Amino acid sequence: MSTKLSERMTALAAMVTPGSRLADVGCDHAYIPIALCGEGRIPSALAMDVKSGPLIRAQEHIKASGWDDRIETRMSDGIEALQEDEADTVMIAGMGGLLIKRILTEHAIPASVTELILAPQSEVSDVRSCIRELGFSITDEDMVLEDGKYYPIIKALRGQEKGTDSPANDLPEPESLDSDEASRREMEDAFGPILLKRHHPVLHRWLEKERDVTDGILARLDSELALAPDSSHLIDRCEEMRHRKHLITVALESYQ
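A brief look at the structure comes next. Worth saying up front: this structure is predicted, and the values here are computed from it rather than measured. (Residues numbered from 1 in each chain as written. Predicted model: local features only at pLDDT ≥ 70, side-chain atom pairs only at ≥ 80, totals over all residues. Heavy atoms only, no water.)

Section: helix 3 (residues 52-65)
In step 1: With 14 residues, helix 3 extends 20 Å from end C-alpha to end C-alpha; this agrees with the ideal 20 Å at 1.5 Å per step.
In step 2: Those residues of helix 3 lying buried are Pro-54, Leu-55, Ala-58, His-61, Ile-62 and Ser-65. Relative to the axis of helix 3, the buried residues are bounded by an arc of 125° and lie together on one face. Away from its buried face by more than 90 degrees, helix 3 exposes Glu-60 and Lys-63.
In step 3: Buried residues along helix 3 sit in contact with helix 2 (31-38), strand 2 (45-49) and strand 3 (71-75).
In step 4: Among the residues trailing helix 3, Gly-66 stands out with phi positive, at a value near 85°. (Helix = DSSP H or I, 4+ residues; strand = E, 2+ residues; numbered from the N terminus. Expected span 1.5 Å × (residues − 1). Buried < 20%, exposed > 50% of the residue type's maximum accessible area, 1.4 Å probe, protein only. Arc of directions from axis to C-beta. Contact = heavy atoms within 4.5 Å.)

Here we look at the nonpolar core
In step 1: The biggest cluster of nonpolar side chains holds 28 residues, and the ones touching the most others in it are Leu-12, Leu-22, Ile-32 and Ile-153.
In step 2: Put simply, the parts of the chain that give this core at least two residues each are helix 1 (7-15), helix 2, strand 2, helix 3, strand 4 (89-95) and strand 5 (115-120).
In step 3: Among all residues touching Leu-22, those that are not within four sequence positions of it are Val-16, Ile-32, Pro-33, Leu-36, Ile-42, Ser-44, Ala-45, Leu-46, Ala-87, Thr-89 and Met-91.
In step 4: With 27 residues, the next largest nonpolar core counts Val-25, Leu-46, Val-90 and Val-124 among its residues. (Core = buried A, V, L, I, M, F, W, Y, C linked by side-chain atoms within 4.5 Å.)

Digging into the layout of surface pockets
Over the atoms, a rolled probe matching the size of one water molecule traces out where space is still vacant.
In step 1: Counted as a void, the largest pocket has a volume near 440 Å³.
In step 2: Taken together, 27 residues make up the lining of the largest pocket; nearest its centre are Val-25, Gly-26, Cys-27, Asp-28 and Ala-93.
In step 3: Secondary-structure elements contributing two or more residues to the lining of the largest pocket are helix 1, strand 1 (22-25), helix 2, strand 2, strand 4 and helix 4 (97-106).
In step 4: A per-element tally of the lining of the largest pocket places strand 4 first, with 4 residues.
In step 5: Among the residues forming the lining of the largest pocket, the class breakdown is 15 nonpolar, 5 polar and 7 charged.
In step 6: Reported here for the second largest pocket is a volume of approximately 380 Å³.
In step 7: Of the residues forming the lining of the second largest pocket, the biggest block, 3 residues, is contributed by helix 5 (residues 124-133).
In step 8: Tallied by class, residues from the lining of the second largest pocket come to 11 nonpolar, 3 polar and 3 charged. (1 Å grid on protein atoms, 1.4 Å probe; cavity = no way out; pocket = protein on both sides within 12 Å on 5 of 7 lines; lining within 4 Å. Points joined across faces, edges and corners; volume = space filled by probe spheres on them. Nonpolar A, V, L, I, M, F, W, Y, C, P; charged D, E, K, R; others polar.)

Geometry only, nothing functional implied.
Given below as C-alpha cells:
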C-alpha cells in the first residue's frame, strides 16, 4: 500500500533526518512513519497516541502497508512511554502549542532524542521559547498554507551552542525597533528566525492576514474604549495589540 501525503505532512516528513528512528507522538493514521519507511529514509518508527482509537487506525494502516515489522504502535500520554534509545527524532504535530509544550516538559526527553520536529497550531512563540529552554536550537523551519490554514513547522537539534538559532539577519533595523537581544528574540519567537531570514513567502501572506486581523481588533477596542475610557482591561488589551501590530509591521518591512 502506497501512502500519499498531504502538503503539510510532506513538509513534516521532509524535516526528518534520514536514518533516524522516529517517534511520532499523536500519530493519528501513522501516514508519516509509513511513508518514511516506504521511502527507505528511516529504519524504524514508534507511532504513539494517548487514545486507543487513533492507535487502532494506525495499526490497520501499518499492517496494510506491510511495514508492521518496522513500525510499532504504543499508547502513551505524550512521550511518557518513550524509553531511552528507542528514537532519535520526536515529531509532534496537529496540536496546540501549549499542549506541545506540556508534552515536552512534563517528562524528560530521552538523551537519545537529538531532533524535534514540531508543528504547533497555536501559541507558536511559546513553543519556540520552550525549545530554547530545553537545550535545543532551531535549525530549520517551513510554513505551509493548506485548506485555508497556515501551518508553521519547526526543526530543532539538541546541544547547539547558546544563541545559535539561525538569526534573522535580513531584518531591517528601523528606529522603531530596538536592536537589543530581547527585542530580536521576541521577533524571532513570534514569527520564526529562519522563516524571517529566508523571507518565506507563506509567512509573508500570514503576516498580511494577521495585520488585517489586528487592525480589526484595534478598531473594535478603540470603540469600546470610547465608551469605557477608564477600563484597565481594555487599556491593557489595546497596548498588547498595538505591540503586536508593531512587530508585524517590522517583519513585513523586511520583505521590501
